[in-house]
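# Understanding the architecture of this molecule
Each chain is listed here by its residues.
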Amino acid sequence: MIEIQNLVKIYESGKQKVKGVQDVSLTINDGEIFGIVGYSGAGKSTLLRCINMLEWPTSGNVKIDGVDLTSLSRQELRRARQKIGMIFQHFHLVRSKTVFDNVAFALKAAGKSKQEIRNKVDDLLEMVGLQDKRDAYPSQLSGGQKQRVGIARALANDPNVLLCDEATSALDPGTTRQILLLLKKINQELGITIVLITHEMGVVKEICDRIAVMQDGKIIECGEVYELFARPEEPLTRSFIDSVLQLELPEHLVKNRRGTLVRLQYRGEAASDTVISDMLQSFRVKGNIIHGKIEYIQNKPLGILVLELIGDESEVKRAIDFMHERTGGLEVIEHAA
Ligand SMILES: Nc1ncnc2c1ncn2[C@@H]1O[C@H](COP(=O)(O)OP(=O)(O)OP(=O)(O)O)[C@@H](O)[C@H]1O
Ligand SMILES: [Mg+2]
């Protein structure tokens, strides 16, 4: 378990003080895939780098399995760090070394024997699907292959935690998907806790269990991915989610409406529910379906529907209240003029 308590990181350059992370407290459970999202400069990398003390916190602490990393000696910290793997957006491979040697490097540093190293590297390359690239140099690899080497290297010392800083941001969508599947496999088969920074909600939707949304060095919202998708509270979270749900209505559909446009979100169990036909039977309103889809988030359906309601104002209002209660997620997009 990773416990971050009141973490503050202030960068000082000359007279200037820049707040990287401001008072973040967070618990990441064993075996989960935890996402950190936010715009550029929100403090995501700073927070991640404080988890393995690549950045030393200004105040607050980070405990991994009960051990406070800020209290360790250099040597103890070096040992603790071996159990925290990290991968990067731009891979950070050593260009003059082969794939084998890039992965072996961390094992040599940990003092393993030649035979142990050979066996381990072969296993790791098999795990990431790169046995045939054993003797290639990084320049001979595609981006996806480079990241696979990065992952193999990060796993060399059997870490409990894998930190990923925008690990798929330099990759095309197809390659991104493959790397995400590999991370999921690592999480499931090896039980490694993964903390992953991304600015793509598609990545979050694909593999994360929980996420934290960061803004100005703070966590503004945190929770299970499905719950946040179903009911985001903060506008920023909402805008991140909308970017992946792609439920923008064309302008001409929103304007020139006779009725009231509402957007409903309903959870899996309610997807087959009769909320809309019940509403139409109970109130003197007519309903037009303008847009709708069902998204699958962690294999759970989330229904999204845009409806136009036409009728007397008071009836429309009662119909909205009714659906609001039944679905728990309803937003009025636009009232008729
Ligand atoms: N080494 C540093 N020295 C001074 N300021 C820094 C340093 N690293 C980060 N910062 C500042 O801390 C804040 C948070 O930066 P951070 O890199 O954590 O953001 P981020 O969310 O990872 O952004 P991005 O999505 O662009 O990677 C920013 O204002 C940044 O300018
Ligand atoms: Mg960053």
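Just so it is clear, the structure is predicted and the values come from calculations on it, not from any experiment.

Enumeration according to the criterion identifies two aromatic pairs in this entry. The ring of Tyr-226 has Lys-300 sitting right over it, with the charged end atom 4.6 Å from the ring centre.

Taking strand neighbours across the sheet as the criterion, the four strands line up as 12-13-11-14 in an open arrangement whose pairing is antiparallel. Across the chains shown, the open sheet's two edge strands, defined by having one partner strand only, are strand 12 (285-297) and strand 14 (330-334). Between one strand axis and the next, the sheet turns through 20° on average, direction left out of account. Relative to strand 14, strand 11 (residues 260-267) runs antiparallel, the two sharing four bridges. Among the inter-strand pairings, Val-262 is bridged to a residue of strand 14, identified as Val-332.

This part is about the site of ligand 1. Residues in contact with ligand 1, as listed here, are Tyr-11, Val-18, Gly-20, Tyr-39, Ser-40, Gly-41, Ala-42, Gly-43, Lys-44, Ser-45, Thr-46 and Glu-166. One nitrogen or oxygen atom from the side chain of Ser-45 is found 2.8 Å from an oxygen atom belonging to ligand 1. Calculation on ligand 1 without its partners gives an accessible area of 630 Å², and the protein chains cover 60% of this total. Contributing elements (two or more residues each) for the shell around ligand 1: strand 2 (16-28) and helix 1 (44-51). Element by element, the count of residues in the shell around ligand 1 is highest for helix 1, at three residues. The residue inventory of the shell around ligand 1, partitioned by class, reads four nonpolar, six polar and two charged.

With that out of the way, let us pick up the packing of helix 5 (residues 143-154) against helix 6 (residues 173-190). Taken N-terminus to C-terminus, the directions of helix 5 and helix 6 make an angle of 20°; their axes are 10 Å apart at the nearest point. Relative to helix 6, helix 5 is oriented roughly parallel. Between helix 5 and helix 6 lies a crossing whose hand is right-handed. The segment helix 5 lies against helix 6, with Gly-144, Gln-147, Arg-148 and Ile-151 engaging Thr-175, Gln-178, Ile-179, Leu-182, Leu-183 and Ile-186. Residue composition of the contact of helix 5 with helix 6, by class: five nonpolar, four polar and one charged.

This chain's UniProt record puts "domain: ABC transporter" (unreviewed entry) on residues 2-241. Taken end to end, residues 2-241 is 38% helix and 28% strand, and its two terminal C-alpha atoms sit 26 Å from one another.

Criteria and cut-off values
Residues numbered from 1 in each chain as written. Chains lettered and ligands numbered in written order. Predicted model: local features only at pLDDT ≥ 70, side-chain atom pairs only at ≥ 80, totals over all residues. Heavy atoms only, no water. Phe/Tyr/Trp six-rings, centres within 6.5 Å; stacked < 30°, edge-to-face > 60°. Lys NZ or Arg CZ within 6 Å of the ring centre and 35° of its normal. Pairing = 2+ DSSP bridges. Helix = DSSP H or I, 4+ residues; strand = E, 2+ residues; numbered from the N terminus. Axes fitted to C-alpha atoms, helices over the stretch in contact; angles between N-to-C directions. Near = heavy atom within 4 Å. Polar contact = N/O pair within 3.5 Å; in protein donor to acceptor, adjacent residues only side chain to side chain. Areas by Shrake-Rupley, 256 points an atom, 1.4 Å probe, with all protein chains shown as cover. Nonpolar A, V, L, I, M, F, W, Y, C, P; charged D, E, K, R; others polar. Parallel < 35°, antiparallel > 145°, perpendicular 65-115°, else oblique. Left-handed = near helix turned anticlockwise from the far one by under 90°. Contact = heavy atoms within 4.5 Å. UniProt positions renumbered as here; feature names shortened; annotations may be inferred.

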